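Chain residues, written in single-letter form:
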Amino acid sequence: MATMTSEKNKNPIVRFLNMNTSRQTSGRSLPLWRQILLQVICLAVLASVMFPIMYIVTLSFSSKTTRPSQLELIPKEISFVAYQQVLDKPTGNPVTFNQLLKNSFVLSMGVGIVALMVAVSAAYAFSRFKFKLREVLMVLVFIPLLMPAVGLSTPLYLLLNQVQVKQCADKSIVIQPIAKCEDGKGKLQFNLRDSLWGVGIAMTATALPFAVWNLKGYLDTIPKELEEAAAIDGANVNQTFWQIVIPLAMPQLAVTFFLGFIGHWQEFVLTWLFLSQPEDYTLAMTLYNMTGQYANSVPWNRFAAMAVIVALPVAVVYIALQRQIVGGLTTGSVKG
Amino acid sequence: MAISKSTQKARKKRQSNLPYLYLLPAFLIMGVITFYPLIYQVIISFTNFESKHLLLGLRSPELEFIGFKNYIDIFTAALPVENFNFFRVLTFNFWWAISNVFLHVPAGVLIATLLNTEGLWLKKIYRAAYILPVVVPPLVVATVWTNIFDERYGAMNQLLAIIGGFFGNPDPVYIRWFEDVKPPIPGFLPGAPLTLAYYAMMIANFWLGWPFMSVVATGALQSIPKDLYEAASIDGATGSQQFWNITVPLLRPAMIPAAVYGFTLSFNLFNFVFFMTGGGPARSTELLVTFAYNLVRNLRWYGVAAAFAVIIFIVALIVFLITNRITRATQNYQEAG
């Protein structure tokens, strides 16, 4: 019994690795011819899995700036030249790697935190209260989740694009659409659409309903006994919410935050549509700029180094949260 | 008595307002940045909104309401876009998602079962390696495979050249994965020709997709009691009989939600198509989402793009209702079993 529970608590990667789900009764060993046959299959699968990974890792450790004329899957040299060049000057534009990194982090973290803070009380209301409009409002929250991110990009682009700060001919500053210059023109100072703020707002538009839905699903699984006990002790709903529910939900808040982070880190549709200033670019956009037909001048070792760098934060978060991610998906409580 | 009754009433009233108070922050913000844009989208889908209306929006004097023209143009392929046919894109989109799931799920289950074989050497190493594709962000996977399928310098053609060398053909291989318009298997999918680019994307997405299914299947295999297999082998059932009569039915409740999830993911797999083929050649690999993006980012026909997004929403709603029914049905199966 005790071993079973400890087995359950382990990180799922560890569990996945140690799992013994064999259907043969233990003690019987595999005949050698079968062992060899299965090993051949396993090695073939292994080769196919490692093929792109080794390819890109080998490229990233190469110091050659010419494109690869021959297939190399094992690094002949370990050179960090490409990594260093990417960190020094990631793009042709005068924007530093730190700026790109900062933009990526500010966007993915900021959207995640705002969405969670706003969503948690709504999720609580849906989970615990019975009220007239409950069903209607829940369906309303679900509607934007059905829409792929591309589907909401047009109206968000148009609406955010109308919020502009302009300097008029008489040097006064106006904010459209609240006020306008007298001649109807003016020098553009700030366009909400073409800024990290605008992209952040657009990303929150879909992140927020997702967070409400996801947290509601989790709060449903927290037993009500603790809250009922608190109510008997004379705590009102607000006290229960802040002092019992929020601390209990903390782990799930963190999971929801990191799930969001994995998605927001790779956000491409909205950033690529909205942003035009190189200093606002994110790492994901930069990686796309280094790929394929758009990158005739980019050496492939630099592209490979960038790919490894962009992949790392997500890989770390994913490995840490494996259990919650796979578990949540298979129980069907999380919608992708 | 009367006093307490009235305070009770007041408290009850406060109680009944409380849920709305808790909902207020989220709905205020969603009202402005989610629901208003959704409504705005429906409105502009009935207009000829273009770049010149950007500044004034709906207040532009020359903005015209043109009824269902945008929708009709999309459905009748009347848009001045080369090679665009809505129903071909829709067919391809469904085929793309279905064909992916039908490859990923069986492969994932088979490899999970393979790795469960008792006494298999190096099991841990295989499991650790097989999980890697799940961990790499799909955006990076898409960019890496784009370069792998490069015509001149890509790893795929170089690999094929090496394999060709084994069979006595030393010529370098220059397959134009993303440009070749001629379908390698003609007439495979009626109404939507599958070009080489489709197969290239299938290879890349297969690499990404089966390991996830394998992780889910491994978890489900763990919950199958071993006694079932023991009883079956006492009754004389062979390995493959055990697989089909015990493993497969008991994996189904876990695999169907995973398959539904994989379907939704593939259906809207923007990055792969946009990065690798850009929807080409001749729009043969265009998905609904990539074409919508093309409309708003490159063509800047905002009215048409809005109409297209409304159509995408309706398609997504229908897909959701169907998949939801499938998931529910299997849940009932699980409870009954």
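Undergrad: Looking at this structure, I do not really get the overall build of chain A. What am I missing?
TA: If you tally the helices and strands in chain A, you get 14 helices and 3 strands. Counting the 336 residues in chain A, one finds 52% classified as buried. Contacts spanning at least 24 positions in sequence make up 66% of the contacts within chain A whose residues lie at least 6 apart. Total accessible area computed for chain A in this model is approximately 16100 Å², and 64% of it derives from carbon and sulfur atoms.

Undergrad: What's the story with the packing of helix 3 (residues 32-60) of chain A against helix 13 (residues 300-320) of chain A in this structure? I'm lost.
TA: Geometrically, a packed helix pair is captured by the angle between its two axes and the distance between the axes. Residues and elements named next belong to chain A. As a packed pair, helix 3 and helix 13 sit with axes 7 Å apart at the nearest point and diverge in direction by 115 degrees. In the crossing of helix 3 with helix 13, the sense of the turn from one axis to the other is left-handed. Contacts between helix 3 and helix 13 involve Tyr55, Ile56, Leu59 and Ser60 on the former and, on the latter, Trp300, Asn301, Phe303, Ala304, Ala305, Ala307 and Val308. In terms of residue class, the contact of helix 3 with helix 13 is made up of 9 nonpolar, 2 polar and no charged.

Undergrad: Explain the interface of chain B and chain A to me, please; I cannot follow it from the model alone.
TA: Taken together, the contact between chain B and chain A spans 102 residues of the former and 106 residues of the latter. Between chain B and chain A the total buried area reaches about 9700 Å² when both faces are included, carbon and sulfur atoms providing 73% of it. Sorting the residues of chain B by area buried against chain A places Tyr22(B), Glu118(B) and Asn147(B) first, and these three jointly supply 8% of that buried surface. At the surface where chain B touches chain A, the tally comes to 0 salt bridges.

Undergrad: Explanation requested: the pattern of salt bridges in the structure shown.
TA: Pairs can form between side chains of opposite charge whenever their charged atoms are close. Residue and element names in this part refer to chain B. Taken as a whole, this structure holds 8 salt bridges over all chains when the rule is applied. With its nearest N and O atoms 3.0 Å apart, the salt bridge here joins aspartate 73 to lysine 69. Of this pair, aspartate 73 and lysine 69 both sit in helix 2 (residues 69-75), 4 residues apart, which is roughly one turn of that helix. Classification of aspartate 73 by relative accessible area gives buried; the value is 14%. The exposure class assigned to lysine 69 is partly exposed, which follows from its relative accessible area of 45%. Between arginine 283 and glutamate 286 there is a salt bridge, and its shortest N-O distance comes to 2.8 Å.

Undergrad: Explain the environment of Ile224(B) to me, please; I cannot follow it from the model alone.
TA: Residue and element names in this part refer to chain B. Turning to its location among the elements, isoleucine 224 is positioned in the loop between helix 8 (196-222) and helix 9 (226-234). As for isoleucine 224 and leucine 251, which are separated by 27 residues in sequence, their C-alpha atoms are 8.4 Å apart. When residues no more than four places from it in sequence are discounted, the contact partners of isoleucine 224 are Tyr229, Ile246, Thr247 and Leu250.

Undergrad: It is not clear to me how a nonpolar patch on the surface should be interpreted in this structure. Could you clarify?
TA: Where nonpolar side chains cluster on the molecular surface, the patch consists of Leu32(A), Ile36(A), Val40(A), Trp121(B), Leu122(B) and Ile125(B) and spans about 620 Å² of accessible area. A total of 3 residues in the nonpolar patch trace back to one element, the largest contributor, which is helix 3 of chain A. Position of Trp121(B) among the secondary structure elements: in the loop between helix 3 (86-114) and helix 4 (123-130). Classification of Trp121(B) as partly exposed rests on a relative accessible area of 47%.

About the cut-offs
Residues numbered from 1 in each chain as written. Chains lettered and ligands numbered in written order. Predicted model: local features only at pLDDT ≥ 70, side-chain atom pairs only at ≥ 80, totals over all residues. Heavy atoms only, no water. Helix = DSSP H or I, 4+ residues; strand = E, 2+ residues; numbered from the N terminus. Buried < 20%, exposed > 50% of the residue type's maximum accessible area, 1.4 Å probe, protein only. Contact = heavy atoms within 4.5 Å. Areas by Shrake-Rupley, 256 points an atom, 1.4 Å probe, with all protein chains shown as cover. Axes fitted to C-alpha atoms, helices over the stretch in contact; angles between N-to-C directions. Left-handed = near helix turned anticlockwise from the far one by under 90°. Nonpolar A, V, L, I, M, F, W, Y, C, P; charged D, E, K, R; others polar. Buried area = accessible area lost by both parts, 1.4 Å probe. Salt bridge = Lys/Arg side-chain N within 4 Å of Asp/Glu carboxyl O. Patch = residues over 30% accessible without salt bridge, like charges linked within 9 Å, V, L, I, M, F, W, Y side chains within 5 Å.

Remember, this is a structural readout, not a statement about activity or role.
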